[in-house]
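Each chain, written out:
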Amino acid sequence: MSDTIKPNKVATVNYTGSYLDGVVFDSSEGKEPLSFLVGKGQMISGFEQELMGAKIGEKREFTLTPDKAYGERDENAIQKMEKGQFPDDMNLEVGMIVGAQSDQGPIQFSIVDIDGEMVTVDFNHQMAGMTLRFNVEVVNVRDATSEEILHGHAHGKGGINH
Ligand code: ZN
């Protein structure tokens, strides 16, 4: 078992992600461990960097600044839209997360304000600007299959099944 985490390996991990105040935002506890293909951008960049070289059974704890996680908040990503640009049957509410299709693929944004016919939306990732702490335990490391490398993600347990 000398496999270590490096590009083109599939890593399976248990993890807990928390904010600096200790509030947990995501965890594999009580769920399947997460599998991901290393080096294909399946995970945020810092998460992979901090796990490079880790062996099965190894535990690592690290803190990621926004540039290594979901990026800094961009004030230009806050934009105004008219209510008419949304589907008629959509019940717009402040705090709502809306998924949409763009030329670049699926995007999501949140509604931060509604003022008459004007809706203010925020295209920043919900976790942009945040420093995140992770606690990770490596459960397994294996070679990726050629199909996984072609698809750019891990298959099977804890990965994408299709
Ligand atoms: Zn696939």
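Given the structure is predicted, the values throughout are model-derived calculations rather than measurements.

### Here we look at the overall build of the protein
For step 1, the next point in the chain: Secondary structure summary: the protein contains two helices and nine strands in total.
For step 2, the next point in the chain: The secondary structure elements of the protein, listed N-terminal to C-terminal, are β-β-β-α-β-β-β-β-β-β-α.
For step 3, the next point in the chain: For the protein, the spread of C-alpha atoms along the principal axes amounts to about 60 × 35 × 30 Å.
For step 4, the next point in the chain: A buried classification covers 33% of the 162 residues belonging to the protein.

### So, the packing of aromatic side chains
For step 1, the next point in the chain: Applying the stated criterion to the full structure yields eight aromatic pairs.
For step 2, the next point in the chain: Centre to centre, the rings of Phe 25 and Phe 134 are 5.9 Å apart; their planes meet at 90°, and the pair counts as edge-to-face. Of the two residues, Phe 25 sits in strand S2 (residues 24-27) while Phe 134 sits in strand S9 (residues 132-143), which places them 109 residues apart along the sequence.
For step 3, the next point in the chain: Under the relative-accessibility criterion, Phe 25 is labelled partly exposed at 25%.
For step 4, the next point in the chain: On the basis of relative accessible area, Phe 134 is assigned to the buried category, the value being 6%.
For step 5, the next point in the chain: Ring centres of Phe 109 and Phe 123 lie 5.0 Å apart, and the angle between their planes is 50°; this geometry places the pair in the tilted category. Placement of Phe 109 in strand S7 (residues 105-115) and of Phe 123 in the loop between strand S8 (118-122) and S9 is noted, with a sequence separation of 14 residues between them.
For step 6, the next point in the chain: Look at Phe 123 and you get partly exposed, because its relative accessible area is 29%.
For step 7, the next point in the chain: Taken together, the ring pairs connect Tyr 19, Phe 25, Phe 36, Phe 47, Phe 62 and Phe 134 into an aromatic cluster.

### Points about the coordination of the zinc ion
For step 1, the next point in the chain: For the zinc ion, the protein coordination sphere consists of His 151 (ND1), His 153 (NE2), His 155 (NE2) and His 162 (NE2), at 1.9 to 2.1 Å.
For step 2, the next point in the chain: In this structure, the zinc ion is coordinated by four donor atoms arranged in tetrahedral fashion, with angles at the metal of 99 to 122°.
For step 3, the next point in the chain: Mapped onto the sequence, the donors of the zinc ion take the spacing H-x1-H-x1-H-x6-H.
For step 4, the next point in the chain: Looking at His 153, the relative accessible area reads 15%, which means it is buried.
For step 5, the next point in the chain: By relative accessible area, His 155 is classed as buried at 14%.

### Here we look at the side chain of Asp 122
For step 1, the next point in the chain: Within the secondary structure, Asp 122 sits in strand S8.
For step 2, the next point in the chain: The class of Asp 122 is buried, set by a relative accessible area of 5%.
For step 3, the next point in the chain: For Asp 122, the side chain forms a polar contact with the side chain of Arg 73, separated by 2.8 Å.

### Topic: the side chain of Thr 120
For step 1, the next point in the chain: Looking at the secondary structure, you find Thr 120 in strand S8.
For step 2, the next point in the chain: Among the polar contacts made by the side chain of Thr 120, one reaches the side chain of Lys 80 at a distance of 3.2 Å.
For step 3, the next point in the chain: With near-sequence residues (within four places) excluded, Thr 120 lies in contact with Ile 78, Gln 79, Lys 80, Ser 110, Ile 111, Val 112 and Asp 113.

### Remarks on the pairing of strand S1 (residues 9-19)
For step 1, the next point in the chain: Across the eleven residues that make up S1, a large majority, eight, are buried.
For step 2, the next point in the chain: Summarising the sheet, S1 and S9 pair through eleven bridges and their orientation is antiparallel. Along S9, the bridge assignment pairs Ala 11 with Val 141.
For step 3, the next point in the chain: Both S1 and strand S3 (residues 34-37) contribute to a ladder of four bridges, which runs antiparallel. In the strand pairing of S3, Thr 12 is matched with Ser 35.
For step 4, the next point in the chain: From the end of S1 to the start of S2, which pair antiparallel, there are four residues, and Gly 22 there has a positive phi angle of about 90°.

About the thresholds
Residues numbered from 1 in each chain as written. Predicted model: local features only at pLDDT ≥ 70, side-chain atom pairs only at ≥ 80, totals over all residues. Heavy atoms only, no water. Helix = DSSP H or I, 4+ residues; strand = E, 2+ residues; numbered from the N terminus. Buried < 20%, exposed > 50% of the residue type's maximum accessible area, 1.4 Å probe, protein only. Phe/Tyr/Trp six-rings, centres within 6.5 Å; stacked < 30°, edge-to-face > 60°. Donors = N, O, S within 2.8 Å, 3.2 Å for Na, K, Ca; no water. Tetrahedral: all angles 85-135°; square planar, octahedral: opposite > 155°, others 65-115°. Polar contact = N/O pair within 3.5 Å; in protein donor to acceptor, adjacent residues only side chain to side chain. Contact = heavy atoms within 4.5 Å. Pairing = 2+ DSSP bridges.

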